[in-house]
Amino acid sequence: QKEVEQDPGPLSVPEGAIVSLNCTYSNSAFQYFMWYRQYSRKGPELLMYTYSSGNKEDGRFTAQVDKSSKYISLFIRDSQPSDSATYLCAMRAAGNQFYFGTGTSLTVIP
Amino acid sequence: DTAVSQTPKYLVTQMGNDKSIKCEQNLGHDTMYWYKQDSKKFLKIMFSYNNKELIINETVPNRFSPKSPDKAHLNLHINSLELGDSAVYFCASSQDRYNEQFFGPGTRLTVL
């Protein structure tokens, strides 16, 4: 079983929709969680970095962590065509390396 | 003022050749990484160095050899290239081994 599972998609939504991207994990010791956005032919760029459970909001982006369910989500409100990219989750336990999900490909249609 | 830079951006070569990819970061970070991303976008860590010391060495063919001359540079040398080595290789750095990582633009390697 992989440490981190992420639905690869592809996910296609109309402009303005609310997008929900999710990852599940098996290691209950994970407590640091990140979301990266990767545009085509570019390197991943950090979007959100959260610790432990709860929500974190940054503009149109909200990261949510549910440690009891071993489930994290990234919500994008009022999605824009410029949000079209692959979104990767990553997570780690204290004192350990990060594990990445396989990425979800998102297309926002104008 | 690029934070993490890699050269070359594209590399096309024949099977059996030896090639190197270079990475430099100007963020003052202590930790650097090499990742391989396959055609399905899966990012797999290969190596990590912290202050020039190898700290992560995943199961990677020994044809791959990293080298860190100083903490701002991490190079990747690949011997006897194989078709399966075709992928995008990303360098990344972080303040220390536990902080968020910043990625370079990638090197797209194609082995013919």
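Before going into details, it helps to say that this report is about the structure given with it.

Parameters at a glance
- Residues numbered from 1 in each chain as written.
- Chains lettered and ligands numbered in written order.
- Predicted model: local features only at pLDDT ≥ 70, side-chain atom pairs only at ≥ 80, totals over all residues.
- Heavy atoms only, no water.
- Pairing = 2+ DSSP bridges.
- Helix = DSSP H or I, 4+ residues; strand = E, 2+ residues; numbered from the N terminus.
- Axes fitted to C-alpha atoms, helices over the stretch in contact; angles between N-to-C directions.
- 1 Å grid on protein atoms, 1.4 Å probe; cavity = no way out; pocket = protein on both sides within 12 Å on 5 of 7 lines; lining within 4 Å.
- Points joined across faces, edges and corners; volume = space filled by probe spheres on them.
- Nonpolar A, V, L, I, M, F, W, Y, C, P; charged D, E, K, R; others polar.
- Contact = heavy atoms within 4.5 Å.
- Buried area = accessible area lost by both parts, 1.4 Å probe.
- Salt bridge = Lys/Arg side-chain N within 4 Å of Asp/Glu carboxyl O.
- Polar contact = N/O pair within 3.5 Å; in protein donor to acceptor, adjacent residues only side chain to side chain.
- Buried < 20%, exposed > 50% of the residue type's maximum accessible area, 1.4 Å probe, protein only.

Quick notes on the sheet that holds strand β8 (residues 73-78) of chain B
All names here are of chain B.
Line of reasoning, step 1. Within the open sheet, the 4 strands sit side by side as β1-β3-β8-β7. Their pairing is antiparallel. Among the strands making up the open sheet, the edge pair consists of β1 (4-7) and β7 (64-70). Each adjacent strand pair in this sheet contributes to an overall mean axis angle of 20°, direction not counted.
Line of reasoning, step 2. In this sheet, β8 lies alongside strand β3 (residues 19-25) in antiparallel orientation, the contact comprising 4 bridges. Looking across to β8, one finds that Lys19 is bridged to Ile78.

Remarks on the layout of surface pockets
Line of reasoning, step 1. Volume-wise, the largest pocket comes out at about 280 Å³.
Line of reasoning, step 2. Along its surface, the largest pocket is lined by 20 residues, and Arg41 of chain A together with Gln37, Lys41, Val88 and Arg108 of chain B are the ones closest to its centre.
Line of reasoning, step 3. Counting only elements with at least two residues in the lining of the largest pocket, the list comes to β9 (87-94) and β11 (107-111) of chain B.
Line of reasoning, step 4. Here the lining of the largest pocket takes 4 residues from β11 of chain B, the largest share from any one element.
Line of reasoning, step 5. Of the residues that constitute the lining of the largest pocket, the class distribution is 6 nonpolar, 8 polar and 6 charged.
Line of reasoning, step 6. Approximately 220 Å³ is the volume found for the second largest pocket.
Line of reasoning, step 7. Taken together, 15 residues make up the lining of the second largest pocket; nearest its centre are Tyr99 and Phe100 of chain A together with Phe42, Leu43 and Lys44 of chain B.

Structural notes on the interface of chain A and chain B
Line of reasoning, step 1. Between chain A and chain B, the contact holds 19 residues from the first and 20 residues from the second.
Line of reasoning, step 2. Around 1,700 Å² of area is buried between chain A and chain B when both sides are counted, 55% of it from carbon and sulfur atoms.
Line of reasoning, step 3. In terms of surface lost to chain B, no three residues of chain A exceed Arg41, Gln97 and Phe100 of chain A, which account for 32% of the buried area on that side.
Line of reasoning, step 4. Counting the contacts that link chain A with chain B gives 0 salt bridges.
Line of reasoning, step 5. Put simply, chain A and chain B have 4 residue pairs in polar contact (both at pLDDT 80 or more) between them.
Line of reasoning, step 6. Listing elements by their share of the side of chain A that touches chain B, those giving two or more residues are β4 (30-38), β5 (45-51) and β9 (85-93) of chain A.
Line of reasoning, step 7. Grouping the constituent residues of the side of chain A that touches chain B by class yields 8 nonpolar, 8 polar and 3 charged.

Some words on the pairing of strand β6 (residues 54-58) of chain A
Line of reasoning, step 1. In terms of strand pairing, β6 of chain A meets strand β7 (residues 61-66) of chain A through 5 bridges, oriented antiparallel. When the sheet's bridge partners are listed, Asp58 of chain A is paired in β7 of chain A with Phe61 of chain A.

Brief notes about the pairing of β11 of chain B
All names here are of chain B.
Line of reasoning, step 1. In β11, alternate side chains face the same way, and those of Thr107, Leu109 and Val111 are buried while those of Arg108 and Thr110 on the opposite face are not.
Line of reasoning, step 2. Pairing geometry for strand β2 (residues 10-13) and β11, over 4 bridges, is parallel. Looking across to β11, one finds that Val12 is bridged to Thr110.
Line of reasoning, step 3. Two strands pair when backbone bridges link them, and β9 and β11 are joined in this way by 3 bridges, in the antiparallel orientation. Note that in β11 the partner of Tyr89 across the bridge is Thr107.

Here we look at the pattern of salt bridges
Working definition: two side chains of opposite charge can pair if their charged atoms are close together.
Line of reasoning, step 1. For the structure on display, the rule yields 6 salt bridges over all chains.
Line of reasoning, step 2. A salt bridge links Arg37 of chain A to Glu45 of chain A, with the nearest nitrogen and oxygen atoms 3.3 Å apart.
Line of reasoning, step 3. The exposure class assigned to Glu45 of chain A is partly exposed, which follows from its relative accessible area of 31%.
Line of reasoning, step 4. Asp83 of chain A is the partner of Arg60 of chain A in a salt bridge, and the nearest nitrogen-oxygen pair spans 2.8 Å. Of the two residues, Arg60 of chain A sits in the loop between β6 and β7 while Asp83 of chain A sits in the loop between β8 (71-76) and β9, which places them 23 residues apart along the sequence.
Line of reasoning, step 5. Taking relative accessible area as the criterion, Asp83 of chain A reaches 1% and is therefore assigned buried.
Line of reasoning, step 6. Several salt bridges share partner residues, and in doing so they unite Arg63, Glu82 and Asp85 of chain B into one network.

Coordinates in, geometry out; function isn't part of it.
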